[in-house]
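Descriptive analysis of the structure
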Amino acid sequence: MAPSLPGLFLPERLWRTARRWAIAWWRILYLGAVVLVLVLSPSSYGKGTRRALARHIYLDTAPVLVGFTVLAALISLVITRIVVVTALSYGLSRYALEMVIRVLVLELIPLTAALFVAMRCTIPNGTHITRLRDGGRFSALRRQGADPVRMELLPRVVAGVFACITLAALSCVVALVLVYVGVYGFNLAGLPSYTRMFGQVFSPGVTLVFVLKTVFFSLAVALIPMAAGLYDAGDRTQPDSELGGLARMFAVLLMIEIASLMGNYY
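This write-up is about the structure you can find in this document. (Residues numbered from 1 in each chain as written. Predicted model: local features only at pLDDT ≥ 70, side-chain atom pairs only at ≥ 80, totals over all residues. Heavy atoms only, no water.)

On to the overall build of the protein chain, then. Secondary structure summary: the protein chain contains eight helices and zero strands in total. Principal-axis analysis of the C-alpha atoms gives the protein chain an extent of 75 × 65 × 30 Å. Per-residue burial for the protein chain yields a buried fraction of 40% across its 266 residues. Looking at the protein chain alone, contacts between residues at least 24 apart form 82% of all its contacts between residues at least 6 apart. Carbon together with sulfur atoms contributes 71% to the accessible area of the protein chain, which is approximately 15,000 Å² in total. Charged side chains in the protein chain number 24 positive and 12 negative. The centres of these two groups are separated by 6 Å. (Helix = DSSP H or I, 4+ residues; strand = E, 2+ residues; numbered from the N terminus. Buried < 20%, exposed > 50% of the residue type's maximum accessible area, 1.4 Å probe, protein only. Contact = heavy atoms within 4.5 Å. Areas by Shrake-Rupley, 256 points an atom, 1.4 Å probe, with all protein chains shown as cover. Lys, Arg positive; Asp, Glu negative; His and termini not counted. Charge placed at Lys NZ, Arg CZ, Asp CG, Glu CD.)

Here is the structure:
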């Protein structure tokens, strides 16, 4: 018998991998469209759904709000001190403040908030969706005439988006205040120059890119783990199916970050 050549199976493996990734991305887009329709539909806000939505928003935001704000404050103080001292040593103190705001507020805090919400809230929620589906919860809701996506998945997606935007917005405000205090101290002498520099950094174009990036970050960390929990975990034939959702989420976050950098600096 002639020995088998592993190279002959490479096109088939590539085809299967490409097909699996295409199906996964299509499921994410499809789930995002379904969630968008449900969010805009008044019938999605019945009494039971409103209660679940309020509960998930509270559970995904309130327990982590103080901790992440403190973490963002510490990061802001450390980065401000490092950049200011380094800029003074090179005679570039006039650029230090603008550099801190661009690096910290525009780039670091939104990405950190998205990753924090993903690890703390949306990835565990995706795992919980898998357990609910495998445990028969979705089938029971369908037998009762209810939509499991509307009852179980929609509140978790909305809560993830709300938590990400809330943490990013609050932490950016805290960072801006602490940057001012770290540079000028507890006085109002530097407020006019600080607000003028803030206005120069946050031009209309940069502000639009910042808002869009934060929104897309929140959508990515809220939707992709839910899609992985709803679809991928049922594919037991693929050994990497459990990590596929995490890899796709990081890929989307990276693409959004690259697009924002191109929009701000090119």
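This part is about the side chain of Glu 257. Structurally, Glu 257 is set in helix α8 (residues 241-265). If near-sequence neighbours (up to four positions away) are discounted, Glu 257 is found in contact with Glu 107, Lys 213 and Phe 217.

With that settled, the discussion passes to the pattern of salt bridges. By the definition in use, this model includes six salt bridges. Lys 213 is the salt-bridge partner of Glu 107, the closest N and O atoms lying 3.0 Å from each other. Of the two residues, Glu 107 sits in helix α3 (residues 93-134) while Lys 213 sits in helix α7 (residues 204-230), which places them 106 residues apart along the sequence. Judged by relative accessible area, which is 3%, Lys 213 ranks as buried. Taking the shortest distance from any N to any O, the salt bridge between Asp 134 and Arg 133 comes out at 3.5 Å. Through salt bridges with shared partners, a single ionic network connects Glu 107, Lys 213 and Glu 257. (Salt bridge = Lys/Arg side-chain N within 4 Å of Asp/Glu carboxyl O.)

In this section: the environment of Ser 260. Mapped onto the fold, Ser 260 is located in helix α8. Judged by its relative accessible area of 2%, Ser 260 is buried. In contact with Ser 260, not counting residues within four places along its chain, are Glu 107, Val 209 and Lys 213.

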